[in-house]
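Chain by chain, the residues run as shown.
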Amino acid sequence: MTQQAEASRPHIPLQDRLRQLLDGPVALDKRALLGTLYAEVSRCETVAYAAGWNDALATTRRGTRREEDA
């Protein structure tokens, strides 16, 4: 999934998403549940990692602009 697609998805806290999966209308077998949980955690980690890189790049760009203005 692209970052743009991730941004268009409504943000659901991980704890709430896990509760939805566990209490959902469809009972998942253990393998399916673990696979789904793994995918959700991986997605959250990827979004957080990308956000960290975006923050770092923005900070670097601000620093570069200040140096150019000086």
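Positions within a chain are numbered from 1, following the residues in the order the chain's sequence is written. Selection of residues for local features in this predicted model requires a pLDDT of at least 70, selection of side-chain atom pairs for listing and counting requires 80 or more, and totals for whole chains, interfaces and linings are taken over all residues. Water and hydrogen atoms were dropped before computing side-chain values, which therefore reflect all heavy atoms in the structure.

## Some remarks on the packing of aromatic side chains
Stacked, tilted and edge-to-face are the three classes applied to pairs of Phe, Tyr and Trp rings, where Trp contributes its six-membered ring and a pair requires centres within 6.5 Å; stacked means planes under 30 degrees apart, edge-to-face means over 60, and tilted covers the rest. In total, this model carries one aromatic pair according to the counting rule given. Judged by centre distance (6.2 Å) and plane angle (75 degrees), the rings of Tyr 49 and Trp 53 are edge-to-face. Note that Tyr 49 and Trp 53 are positioned in helix H3 (residues 30-69) at a spacing of four residues, about one turn of the helix. Relative accessible area decides the class of each residue, using a 1.4 Å probe on protein chains only: under 20% of the type maximum gives buried, over 50% gives exposed, and in between gives partly exposed. Judged by its relative accessible area of 57%, Tyr 49 is exposed. For Trp 53, a relative accessible area of 47% puts it in the partly exposed group. Secondary structure elements follow DSSP: runs of H or I no shorter than four residues count as helices, runs of E no shorter than two count as strands, and numbering proceeds from the N terminus.

## Concerning the confidence of the model for the chain
The predictor rates its confidence in each residue with pLDDT, a number between 0 and 100. For the chain, per-residue confidence averages 76 on the pLDDT scale, and residues scoring 70 or more make up 77% of the total. For the chain, helix H1 (residues 3-8) is the element with the lowest average pLDDT, namely 52, and helix H2 (residues 14-23) is the one with the highest, namely 81.

## Observations regarding a nonpolar patch on the surface
A cluster of nonpolar side chains, contributed by Tyr 49, Trp 53 and Leu 57, occupies part of the molecular surface with about 360 Å² of accessible area. Checked against the element boundaries, Leu 57 lands in helix H3. You can call Leu 57 partly exposed: its relative accessible area is 38%. Patches here: salt-bridge-free residues with over 30% relative accessible area, like charges joined within 9 Å, nonpolar side chains (Val, Leu, Ile, Met, Phe, Trp, Tyr) joined within 5 Å. Using a 1.4 Å probe, accessible areas were evaluated by the Shrake-Rupley method; residue-level cover was limited to the displayed protein chains. For this analysis, a salt bridge means a side-chain nitrogen from Lys or Arg found within 4 Å of a carboxyl oxygen belonging to Asp or Glu.

## Description of the pattern of salt bridges
Here the structure, examined in full by the defined rule, presents three salt bridges. One salt bridge connects Glu 40 with Arg 17, and the closest N-O pair in it is separated by 3.3 Å. Of this pair, Glu 40 sits in helix H3 while Arg 17 is found in helix H2, placing the two residues 23 residues apart along the sequence. For Arg 43, the salt bridge goes to Glu 40, with nearest N and O atoms at 3.7 Å. One end of the pair is Arg 43 and the other is Glu 40, both in helix H3 and three residues apart, which spans about a single turn. A residue is classified by how much of its surface remains accessible, and Arg 43, at 21% relative accessible area, is partly exposed. Beyond isolated ion pairs, a larger network of salt bridges with shared partners links Arg 17, Glu 40 and Arg 43.

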